[in-house]
Structure formats: C-alpha cells, structure tokens
There are 2 protein chains.
Amino acid sequence: MQATLITVGDEILIGQIVDTNSAWIAQQLNLQGINVSGIISTSDTKKAITTSIEQAMAQSDIVIMTGGLGPTKDDITKKTIADYFGVGMSFDQGTYDRIVRLFERFGRTATEAHKEQCYMPDNVNLLLNKKGTAPGMWFEEQNTVLVSLPGVPYEMKYLMEYEVLPKLKERFPLAPIVHQTILTVGEGESIIADAVRPVEDSLPSNMKLAFLPNIGQVRLRLSATGEDEEIIRKNLEEKSKEIEALIPELIFGFNNQTLEAAVGDLLKEKGKTLSTAESCTGGYLAHMITSISGSSAYFIGSIIAYSNQVKQRQLGVQSETLEKYGAVSEQTVKEMVIGALKLLKTDIAISVSGIAGPTGGTPDKPVGTIWLAVGDATKIETKKLQLGKDRLKNIHYTSVQALNMVRKFLLAR
Amino acid sequence: MQATLITVGDEILIGQIVDTNSAWIAQQLNLQGINVSGIISTSDTKKAITTSIEQAMAQSDIVIMTGGLGPTKDDITKKTIADYFGVGMSFDQGTYDRIVRLFERFGRTATEAHKEQCYMPDNVNLLLNKKGTAPGMWFEEQNTVLVSLPGVPYEMKYLMEYEVLPKLKERFPLAPIVHQTILTVGEGESIIADAVRPVEDSLPSNMKLAFLPNIGQVRLRLSATGEDEEIIRKNLEEKSKEIEALIPELIFGFNNQTLEAAVGDLLKEKGKTLSTAESCTGGYLAHMITSISGSSAYFIGSIIAYSNQVKQRQLGVQSETLEKYGAVSEQTVKEMVIGALKLLKTDIAISVSGIAGPTGGTPDKPVGTIWLAVGDATKIETKKLQLGKDRLKNIHYTSVQALNMVRKFLLAR
C-alpha cells in the first residue's frame, strides 16, 4: 500500500514554516503498514496543485493533502480538486450550520467568508472536524483515495486519528503489523543502542527495531509483520521483555505514555504532592506537569523565581549563599527545594537554576551550566548538567531531566 | 526563476526526521528572488530519485537536491544522477586526497567505502565542502542547473552560502521579490480577511496577500515581484500601510518578530517589570515570556497557584471570594493580580484562572471558561474567554491572549 503526501501553501515554499505535518502523518501511516513513497510541497496555485495531484494519484493508492482549506480567498485547493474530478460544487448547509453554532457559542457571527467556505465538491465525503470549521474531505476514484485536510496541526491530527485512519483500515486490506514502543529517559541513543545490541542482532527478519530520539528521551520501537497477528504479537512481546531486561532503570513507560503522565501516576500511587521552584526553566517544568489533565490531584504549584529577589524573599535562599556560591549552584538549588517544601507545603519539591543561554555565561559557569535538586523533608538529591547554547533546547532538556529526577526519587521510596 | 528542491532519504518518509533543510534553502533562495515552486521528498531508490529529477528538471530552472551522498551503500544518488545525464563515473583523486588528509588529522585511516565515495559523474563541477568529506555537485543541462548537496545541515548550509548562492547569482539574472509580513493577535483569520478585503481586492497582479493563522495569531504576508526592487518595495510598503490602517489595534509587529518579544520590548521601553499568577495555564505563560533571551530584564517571577491553598496563602485571595464566586471568577483573578503585585513587587501583573479541560466543567462554568486580569497599582482590567475542550490549545491560546492584554495595557499608558 503506497501513499503520497501533498502539502499546499506558499508558507512552506518560502521557508516561513517547517513542514511538521508530513512527518507526523508519515509516522501514523507507517504504523498501519502504509508506505509513504513521496512527499510533495506545492504552491497554492491551481496549476501547481493540479500537477501535484496528478503525479500523486498516478503513483499511489492513497493521497493525503494538507493545507489550503481556510476561509480566505488564497485557498483554492477545494475548487482545484473539484475540477480535477470534473465535478461541480454545492453549498453544504450542514457545514454552515456548524460554523454558525460554533460562532454563536463564542458570541460571534459567521461572515460572508464562512459561507464561501461551505461550498464543497459534489463527489466529496465530508469528515467531521470537531476541532475547527473546515471539514476534512474524502474522495475516491477507482482504486485510489484522495483526502484533503486543514493544515492547522491539531485539526489535521484530530481528523487523521478519528476519521481518516479508521476509514483507511476499513477501505484497504492492510497486512497485520504490530508495534511495541519502549520509552526511555536518561541516556542517549548510542549508549542505549550498544546496550540492546545483543537483542537487536537476534531479531528475526520480520521484526525491526527503530531508535527514535527526542530531547532527553529515546523511544525504542519494535515492529513486526506477518500473517497471524496473534503469533507476531507474542513474538514481539518476548523480544520486548529481553530489551527491558537490559535497560530496566531507563524505562518509564510504553507506547503512548508520556514522562509527565508517568511521573503523575507515580505521585498518585505513592500519595505524594509536588511543587517546583524554577529559575532558568521559567515555568516550562510546571507546564509539562500541568499539561496532564487531572494533575491538580498531586501538583500544588510553583514559584518561578526568575530574579534573585524572589529566590530570597519567597523561597528563603540566603543572601550569603547567593553571594558565596552564586544563583547557579548546588547550595542555591538545595535551599530552593527547602523553601518550596515549606512555602507550598508539598511532600516533594524540585528546583532548577542555570544559564539557559545563548548569552550570560562566565568562564566558571559557561552557558548551559544547570543545577537541579529534588527532595522531601528527609533527603535532597542534586545533579549538575552541562549543556549547549540553544536556549529552548536547554529549557526542554532540563525539564525532562527534572521529571526523571522526581521519578527516580519516588521509585527509591 | 523557478526552483524545485528534492530531499532524498527514507528517514523523512517514515517521519523519523522533520525536513528542516528545505525550509532553510527555500528562505535563502527567496531572498535572492528565486521562487521555490515545489519541494519533493523521495525514497532513496534509483527509480524514485530518477522520477523526482525528471519532474523537477521539467518544471524548473534550478534543482537543488539534498541527502544521499554519504559513504553507506544505500546512498545511490550520485550513480542515479550520472545515469540521468547519460555519463560515466570517474575516480576523483583530489576528493580522495582531502579525505585522507582529513582522517589523518583525527588519527584515523580512510576506508574502502571512502574510495567508492570519490567516484564522480563525468559532467560534474565539484563544490568544495570545507565542513565534511562529500563535495557538493553542480551540473548544467541546457538552461537548467542541478545541484546535489549532503543532507547534514551544517555541511549543506556551508555549501549553499559559499558555493551555490554565489554561483547562482553569476549564472542567472534574478528578478527581485519582496516580502512583508504583518503580525496580528486578537482576532481570527476570517474577521481579519473581511476587514482587509478592500485592500486585498485592490492589489496589483504582481502582489499577493496570504493569511497564515496560528493559535490566537494571524500573520498577513504580502509578496511582490517585478523588475525594479526599489519600486516593488515602495509599492509593497504602501499596501502594507493601507492594511495596517484597517486593523491598527491588532498589529504587534512585522516579519520575524514574536508576540513574546514584542511585549518584552514594550516593557523595556516603558521601564516596567512584570510578574504572572497562573492557575490553569500552569506556567506556560511564564515559559512564553522567558523563552526570550534577556527577559530577566523585565520578568521577575511567577506564582503558579494550581491549588486554592496557594491562591489563598501566597496570593492572598480571600476565602470568602473563593467560596462566593469560585476560583474561576473575575473577583479571584483580580485578587490574584493584587497578590502578585504585592508579593513579587512588580509594576504590572497578569493572572489567569480557568478550566483548561478536557474535564472539570460545571453547568455554570463549562470547560474552557477562563478569566484573565492584568493590572498595576492603579487599575485592573479583566477579560473572560469561552474556549473549547482541548487542554493544550486552551493553555496556549489563553497565554497568547494574556500577552496581548499586557501589550494593550502597556500601550494605553
């Protein structure tokens, strides 16, 4: 089963945005055993879109287009698709009613531009978009399926997950493919690859291991294909267990779990509450924790102590400590933990202070020097990181490390 | 002048990496007035690469390929290019000598695989790669140029900057193209489209307007092509001014500016400091503010008051207020601002309390009900949002709205 992806829009062609949609869609299709044989980014002119559709339809069973469905008049994808199929366009009252209702809920009125948005090619099968105003569109021509989706990532993802993938599974006979993803944190790709090599070298030919690194985390995805889903699933689980036995302390979960949810589950399981005291991560650690629905069960709050005054006044860091060791020091992060425990009255607190960069370093403490501490009323553990100069990467990586420190602290108790 | 980019390699097609090279190359070409009319990502098989080259050469003056030049045996780009041009391949002693010297410097020895890497198509014009072992390759066929570059970003960027762009400027008479992007916050795409329609309808044929929406923000990009850069830039500026006059209060900046940086600049300009008191945004607002390097000049810190106890104890919200109006209320966010101003001693504070979802709503206050307040010692302004059920989108959208409230509050002073 071959798929081609088309992204429509000049913003990719002038380099204003990076095409992350295609990578995500390609991942999802691969998980279903659908091979992506090409990705085309095309201008939003009728000629360019038509050429791309012709090329894609000629070489694939499935064509997925994103972008070019908004209410403004530079969006001509829909009209071009109708012309490609040689059909007219009709007003879809259902889509318009949804837009009117949606706008009413927000106390606003739909405009003339929204009415134009409701004209649909006559051969369309509309896909309900619960995250936005533009529905997805599904077309079939002989044995090929063409899908057109909005380019806004969360709308596209919703439509892929709840509409497109289920319909593709129904429409095409896909050979069974089974995946198991082992989620790790705390070591880099090459160290993990070396550690699990004995198992990787023993994999049968119908099984593959892929390393998917992200900032501070590495996912190990085992995939197996075969005739009998039952059997390949059993074989996959065996190999997964063998890998787990080689790196037990690095594994925080499986498949779609996240580190922030895994830490939340541990806190609930142990009946503990958490607070953070953040300097250089500036709230990103608290954001990761609170991105989990229901985190209010264990997360009480944070002090974002960006200035030293807040470190002193709210968290009770001693001025002598700041003078003698500096704000980026083991002593300071320890006192920040003590302060957060006392002020926010939680069982556990985690603190961070560092130089996120890209400027602000000194010979002693270059950019990327970061101290962390985690502790409770009886014990405080610290850790120093020495990172690069990329500010956002440092903030993200440090927050992941902080969550891992909380995880290990909880597991040791 | 039309260009097509081709990226070779399965890692993009399985979604393992996002293609950032193409966005960067597209930016560079656009700055030179070269229009990128398509980007093709293709598998590293001979058939797929050949098809892509044929398509690209047929539709463009310039084709730039990246990837598929490394020393591993799945890299067949070079042989495919030679076959496409119908030429043989010869060993290039100069390239081999460079590799040997490079390896000697690191105390290593070049391998047989490196020797294979030195066979080059007979019609190539080699581009010296000072950042790696694989040279860039420049080919010409009639009026079309084909360039093949390594996929490693810093090698590709070096070759583009020092070899490809200078040679392209020599080789082609480039027509100027000018862009201007107007950045807005506070209204959706369709409302803005309606507001600026008079100008959009008056645009000359050499000028285009595109709407690029993101969560809570819409970018309006004007592009113009023509003979004389001076003249089109002037015409573009005129049209930009006309658009600005229609939506002055929505515009926070131009081109590569960000909202968080614009608010930071305003705070510096007015000499004011800022703190946040966040409930449902859980630190994301503070993260947006501190994602800007140098934000410590105006951002002091935050209280993330996820539990009501922290709202009461740290921010001084009255228990009567919480009992009578609830944590998600105008009264509570007002008291949170007062508390943050007092506790963190800043000129301005912004507070947020709401139900981010997807659960936790009541008939009175459904999921997506969010209150915001911004204020200083003399005045507090509040705002209520009624959003959907997508937790992360609500958090992001609310943080953007909060920044916009700070921006407007500062502008009114």
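Residues numbered from 1 in each chain as written. Chains lettered and ligands numbered in written order. Predicted model: local features only at pLDDT ≥ 70, side-chain atom pairs only at ≥ 80, totals over all residues. Heavy atoms only, no water.

(A) Inspection of the overall build of chain A at higher detail. Within chain A, the secondary structure is distributed over 15 helices and 17 strands. Here chain A holds 413 residues, and 55% of them are scored as buried. Excluding contacts between residues fewer than 6 apart, the proportion of contacts in chain A whose partners are at least 24 apart in sequence is 66%. Accessible surface for chain A amounts to roughly 17300 Å². Of this, 49% is attributable to carbon and sulfur atoms. In chain A, 43 positive and 48 negative side-chain charges are present, and the distance between their average locations comes to 7 Å. (Helix = DSSP H or I, 4+ residues; strand = E, 2+ residues; numbered from the N terminus. Buried < 20%, exposed > 50% of the residue type's maximum accessible area, 1.4 Å probe, protein only. Contact = heavy atoms within 4.5 Å. Areas by Shrake-Rupley, 256 points an atom, 1.4 Å probe, with all protein chains shown as cover. Lys, Arg positive; Asp, Glu negative; His and termini not counted. Charge placed at Lys NZ, Arg CZ, Asp CG, Glu CD.)

(B) The arrangement of the packing of helix α10 (residues 259-270) of chain B against helix α15 (residues 391-411) of chain B in detail. All names here are of chain B. Viewed as axis vectors pointing N to C, α10 and α15 meet at an angle of 30°, and their least axial separation amounts to 10 Å. Here α10 lies roughly parallel to α15, going by the angle between them. As for the relative orientation of α10 and α15, their crossing is left-handed in sense. Contacts between α10 and α15 involve Leu-259, Glu-260, Val-263, Leu-266, Leu-267 and Lys-270 from the first element and Val-400, Leu-403, Asn-404, Val-406, Arg-407, Leu-410 and Leu-411 from the second. In the contact of α10 with α15, the residues fall into nine nonpolar, one polar and three charged. (Axes fitted to C-alpha atoms, helices over the stretch in contact; angles between N-to-C directions. Parallel < 35°, antiparallel > 145°, perpendicular 65-115°, else oblique. Left-handed = near helix turned anticlockwise from the far one by under 90°. Nonpolar A, V, L, I, M, F, W, Y, C, P; charged D, E, K, R; others polar.)

(C) Looking closely at α15(B). Residues and elements named next belong to chain B. The terminal C-alpha atoms of α15 lie 30 Å apart, and with 21 residues this matches the ideal 30 Å at 1.5 Å per residue to within 8%. Of all the 21 residues making up α15, 15 are buried; the element is thus mostly covered by neighbouring parts of the structure. Where α15 begins, the capping side chain belongs to Asp-390, and its oxygen is found 3.3 Å from the backbone nitrogen of Leu-392. (Expected span 1.5 Å × (residues − 1). Polar contact = N/O pair within 3.5 Å; in protein donor to acceptor, adjacent residues only side chain to side chain.)

(D) Spotlight on the domain arrangement of chain A. All names here are of chain A. If you check the domain split of chain A, you get domain 1 (2-171), domain 2 (178-254) and domain 3 (259-411). The C-alpha-based centres of domain 2 and domain 3 are spaced at 31 Å. Counting residues at the interface gives nine residues for domain 2 and eight residues for domain 3. Here domain 2 packs against domain 3, burying approximately 790 Å² in sum over the two surfaces, 66% of which is carbon and sulfur. (Domains from an automatic or database assignment. Buried area = accessible area lost by both parts, 1.4 Å probe.)

(E) Structural context of empty space enclosed by the protein. Taken as a whole and judged by the stated rule, the model has three cavities of 30 Å³ or more. As for the largest cavity, its lining consists of 16 residues, of which A:Asp19, A:Ile39, A:Ser41, B:Asp19 and B:Ser41 are closest to the centre. Elements supplying a minimum of two residues to the lining of the largest cavity: α2 (20-31) and β2 (35-42) of chain A together with α2 (20-31) and β2 (35-42) of chain B. Its residues assigned to classes, the lining of the largest cavity comprises 10 nonpolar, four polar and two charged. (1 Å grid on protein atoms, 1.4 Å probe; cavity = no way out; pocket = protein on both sides within 12 Å on 5 of 7 lines; lining within 4 Å. Points joined across faces, edges and corners; volume = space filled by probe spheres on them.)

(F) Up close: the interface of chain A and chain B. Of the residues lining the interface, 75 residues belong to chain A; the matching set on chain B comes to 81 residues. In this assembly, chain A packs against chain B so that about 5900 Å² is buried in total across both faces, 55% of it on carbon and sulfur atoms. Summed over the shared surface of chain A and chain B, the number is four salt bridges. Close ionic contact of A:Arg108 with B:Glu187 constitutes a salt bridge, the shortest N to O distance being 3.2 Å. (Salt bridge = Lys/Arg side-chain N within 4 Å of Asp/Glu carboxyl O.)

(G) Local environment of unusual backbone geometry. All names here are of chain A. For the bond running from Gly-357 to Pro-358, omega is 0°, close enough to zero to count as cis. Unlike most non-glycine residues, Gln-142 shows phi in positive territory, near 50°. Along the chain, the position of Gln-142 falls in the loop between β7 (136-141) and β8 (144-149).

(H) Up close: the layout of surface pockets. Considering only enclosed or pocket space, the second largest pocket measures out at about 750 Å³ in volume. Around the second largest pocket, the lining is made up of 40 residues, and of these A:Ser43, A:Thr45, B:Gln2, B:Asn35 and B:Ser37 lie nearest the centre. Its residues placed into classes, the lining of the second largest pocket shows 14 nonpolar, 20 polar and six charged.

(I) Spatial organisation of the packing of aromatic side chains. By the definition in use, this model includes 12 aromatic pairs over all chains. Pairing B:Phe91 with B:Tyr96 gives two aromatic rings, centres 5.7 Å apart and planes at 50°, and the pair type is tilted. Overall, B:Phe91 belongs to the partly exposed group, its relative accessible area being 29%. For B:Tyr96, a relative accessible area of 16% gives the class buried. The cationic tip of A:Arg413 hangs over the ring face of A:Phe409; the distance from NZ or CZ to the ring centre is 3.7 Å. (Phe/Tyr/Trp six-rings, centres within 6.5 Å; stacked < 30°, edge-to-face > 60°. Lys NZ or Arg CZ within 6 Å of the ring centre and 35° of its normal.)

(J) Geometry of the nonpolar core. In this structure, A:Ile350 and B:Ile350 are the most contacted members of the largest nonpolar core, which totals 76 residues. Counting 41 residues, the second-largest nonpolar core is a separate cluster that includes A:Leu341, B:Val333, B:Met336 and B:Leu341. (Core = buried A, V, L, I, M, F, W, Y, C linked by side-chain atoms within 4.5 Å.)

(K) Molecular detail of α2(B). Residue and element names in this part refer to chain B. The end-to-end C-alpha separation of α2 is 17 Å, in line with the 16 Å expected for 12 residues at 1.5 Å each. Within α2, nine of the 12 residues are buried, which leaves it mostly tucked inside the rest of the structure. Where α2 begins, one side-chain oxygen reaches toward the backbone nitrogen of Asn-21, 3.4 Å away; that side chain belongs to Asp-19. Looking one or two places after α2, you find Gly-33, whose phi comes out positive at around 80°.

(L) Broad picture of the pattern of salt bridges. In the structure shown here, the tally under the stated rule is 22 salt bridges over all chains. Among the salt bridges present, the one from B:Arg233 reaches B:Glu229, with a minimum N-O distance of 2.9 Å. One end of the pair is B:Arg233 and the other is B:Glu229, both in helix α9 (residues 229-246) and four residues apart, which spans about a single turn. Salt bridges sharing partners connect three or more residues here, namely A:Asp10, A:Asp44 and B:Lys208.

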